[in-house]
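Structural overview for review
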Amino acid sequence: MKPSQEYWEAIPLLTNVVEDPMSHDTPSSISFHAAMSYHTGWSRLPEEVSRNIERALKEGKLPEVVPVVRETMERVSRTPVSIAVTGDSGNGMSSFINAVRIIGLEETLAPTGVVRTTQTRAGYSSSRFPNVVLWDLPGLGVTAQNMENYVDEMQFSQYDFFLIIASEQFSTNHVKLARIIQEMGKKFYVVWTKLDRDLSTSVLSDTRLLQTIRENIRKNLQKKGVHVPPIFLVSNFDPLLYDFPKLRDTLKIDLSNIRCSGPLDILSHFCEEIINDKVTSLKRRVAKESLKNSLGIKDADDLGEVLEAYHLLFGVNGESLRQVAKSMGKEVTEYMAIMKSQDLHTLCGRDWKLKSMTCLVTSVLLSPFWYIPFLGGPVIRFFRHMRCRRILELVAQDTKTILKKILEDSIIPT
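Okay, so let's go over this structure.

The rules behind the values
- Residues numbered from 1 in each chain as written.
- Predicted model: local features only at pLDDT ≥ 70, side-chain atom pairs only at ≥ 80, totals over all residues.
- Heavy atoms only, no water.
- Helix = DSSP H or I, 4+ residues; strand = E, 2+ residues; numbered from the N terminus.
- Buried < 20%, exposed > 50% of the residue type's maximum accessible area, 1.4 Å probe, protein only.
- Contact = heavy atoms within 4.5 Å.
- Phe/Tyr/Trp six-rings, centres within 6.5 Å; stacked < 30°, edge-to-face > 60°.
- Lys NZ or Arg CZ within 6 Å of the ring centre and 35° of its normal.
- Expected span 1.5 Å × (residues − 1).
- Lys, Arg positive; Asp, Glu negative; His and termini not counted.
- Salt bridge = Lys/Arg side-chain N within 4 Å of Asp/Glu carboxyl O.
- Core = buried A, V, L, I, M, F, W, Y, C linked by side-chain atoms within 4.5 Å.
- Patch = residues over 30% accessible without salt bridge, like charges linked within 9 Å, V, L, I, M, F, W, Y side chains within 5 Å.
- Areas by Shrake-Rupley, 256 points an atom, 1.4 Å probe, with all protein chains shown as cover.
- Charge placed at Lys NZ, Arg CZ, Asp CG, Glu CD.

**Some words on the overall build of the protein**
Each helix and strand in the protein was counted, giving 17 helices and 7 strands. Residues counted as buried form 46% of the 414 residues belonging to the protein. Partitioning the contacts of the protein with sequence separation of at least 6, the portion at a separation of at least 24 is 71%.

Right, here's the structure in full:
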């Protein structure tokens, strides 16, 4: 079924705060549940996409796959992502959100203060992270709820990514949050804020202090069997210093991964299935008919001709790859370099199975058995068939490798 328009469209960039639905002060604002109705994953390819890719691959028209993939990934790059910012109350979560966004005059500030200021969830956007909503969650300790109730009330399952904010100490609550998020199979960072205060009050050298903070976080997580995530030490008052630039750069990469990993896996798996089906079909044709009748190969002993025929059938011949490279804005050598079957010499040199088959055929031709009609002929035909079959498999594998590169090169940075 063709996806609806909402499937492809991202939610509008929120220039104002998105209040939690539990708050009745701003009933006209976009609700948490409305924003969460979008999901970054796919369960299946849109029908039009799958149909166009299948037709192109079956017909050996690899260049026609490129525009379909690029358009699909361009749409995927606009998929909304929801990031939960959580931690103990008083850790500076709201200030961090303002800092990571580098607030402009047109954007709404997350309320901050010495006392607890975030009582309900609120979502914020930034032009620096299009189609991303940063959800400022009430800190643990705002109410008397336990961890299980907090996770349930804040609907952790509906977020795509988490930022655990800490300062002063990496508490038991932080470790529990990390373990729960890890068990959910979702990615998270630990962000230590208020680094400027730590540096100004510590008797340790700056280098030693930074090392101590990181080691403390690592040890506390490892004690509870939590894999250590990226750790960033920042100051909310200096959003251009310390680990802030690295955090933003890393986050952009991970946002692309969140959006693209699912669609890429589905596209890759779908393409592999089409190629496998094509290989199976070709093997059946060759088994039933001669290579000349089935594939137009005049001389089955001319491996160069066999290789060229399969290149054309799969669309990985020189002209097709030049068209692919041009469409992708790449050099054709990038695609040729990853092919085992770029030419017969390279193919025989890289694949020991084909090389051994060729040597065995030569041995049979030079042996006395070649002159025994009922024995030599069938042996030669068998090895001829096996060599052509092996070349088919290698060209198919090269096609998959090139398709994988096309998919990866189609990712649009966040």
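**Re the packing of aromatic side chains**
Scanning the entire structure with this criterion turns up 7 aromatic pairs. Seen from their ring centres, F161 and Y189 are 4.8 Å apart, and the 85° between their planes marks the pair as edge-to-face. Of this pair, F161 sits in strand β5 (residues 161-166) while Y189 is found in strand β6 (residues 188-192), placing the two residues 28 residues apart along the sequence. Assessed through its relative accessible area of 0%, F161 is described here as buried. On the accessibility criterion, Y189 (0% relative accessible area) is buried. Joined through ring pairs, the aromatic side chains of Y150, F156, Y159 and F162 make up one cluster. Positioned above the aromatic ring of F314, the side-chain terminus of K278 is 4.8 Å from the ring centre. The cationic tip of K405 hangs over the ring face of Y335; the distance from NZ or CZ to the ring centre is 5.5 Å.

**A short note on helix α12 (residues 303-314)**
Helix length check: α12, at 12 residues, gives a terminal C-alpha distance of 17 Å against a target of 16 Å (1.5 Å per residue), a fit within 8%. Buried within α12 are the following residues: L303, V306, L307, A309, Y310, H311 and F314. Phi for G315, located one or two positions after α12, is positive at around 75°.

**Section: the side chain of K400**
Relative to the assigned elements, K400 resides in helix α17 (residues 373-409). Within the buried set, K400 has no salt-bridge partner at all; the shortest N-O distance to an opposite charge, 4.4 Å, is to E272. When neighbours within four sequence positions are excluded, K400 is seen to be in contact with E272, I275 and N276.

**Focus: the nonpolar core**
I53, L57, L62, F314 and I406 are the most contacted members of the largest nonpolar core, which has 45 residues in total. The set of elements that each furnish at least two residues to this core consists of α3 (47-58), α4 (65-76), α10 (244-288), α12, α13 (318-328) and α17. Per-element accounting of this core gives the leading share, 10 residues, to α10. Excluding its chain neighbours within four sequence positions, the residues that come into contact with F314 are G60, L62, I275, K278, V279, L282, L392, V395, A396 and T399. Core analysis: the second largest hydrophobic core is formed by 31 residues, A84, A166, F170 and I181 among them.

**Some words on unusual backbone geometry**
Backbone geometry places K194, a non-glycine residue, at a positive phi of 60°. Note that K194 resides in the loop between β6 and α8 (195-201). The class of K194 is partly exposed, set by a relative accessible area of 22%. Phi at Y242 takes a positive value of approximately 55°, unusual for a residue other than glycine. Here Y242 lies in the loop between β7 (231-233) and α10.

**A word on the pattern of salt bridges**
Within this structure, the stated rule accounts for 16 salt bridges. For the salt bridge of R322 with E319, the shortest nitrogen-to-oxygen distance reads 3.5 Å. With R322 and E319 both in helix α13, this residue pair falls 3 residues apart, about one helical turn. We classify E319 as partly exposed; its relative accessible area is 40%. Between K405 and D409 there is a salt bridge, with its nearest N and O atoms 3.1 Å apart. Placement of the pair is K405 and D409 together in helix α17, with a separation of 4 residues, close to one helical turn. What you see here is one network of salt bridges that share partners, running through R55, E59, K61 and E64.

**Digging into a positive patch on the surface**
Where like charges cluster on the molecular surface, the positive patch consists of K176, R208, K219, K223 and K224. At 3 residues, helix α9 (residues 206-223) tops the list of elements feeding residues into the positive patch. In this structure, K176 sits in helix α7 (residues 172-183). Under the relative-accessibility criterion, K176 is labelled partly exposed at 42%.

**Description of the environment of T120**
Secondary-structure assignment places T120 in the loop between α5 (93-101) and β3 (122-126). Residue class for T120 comes out partly exposed when judged on its relative accessible area of 25%. Expressed as a C-alpha distance, the spacing of T120 and D136, which sit 16 residues apart in the sequence, is 8.3 Å.

Coordinates in, geometry out; function isn't part of it.
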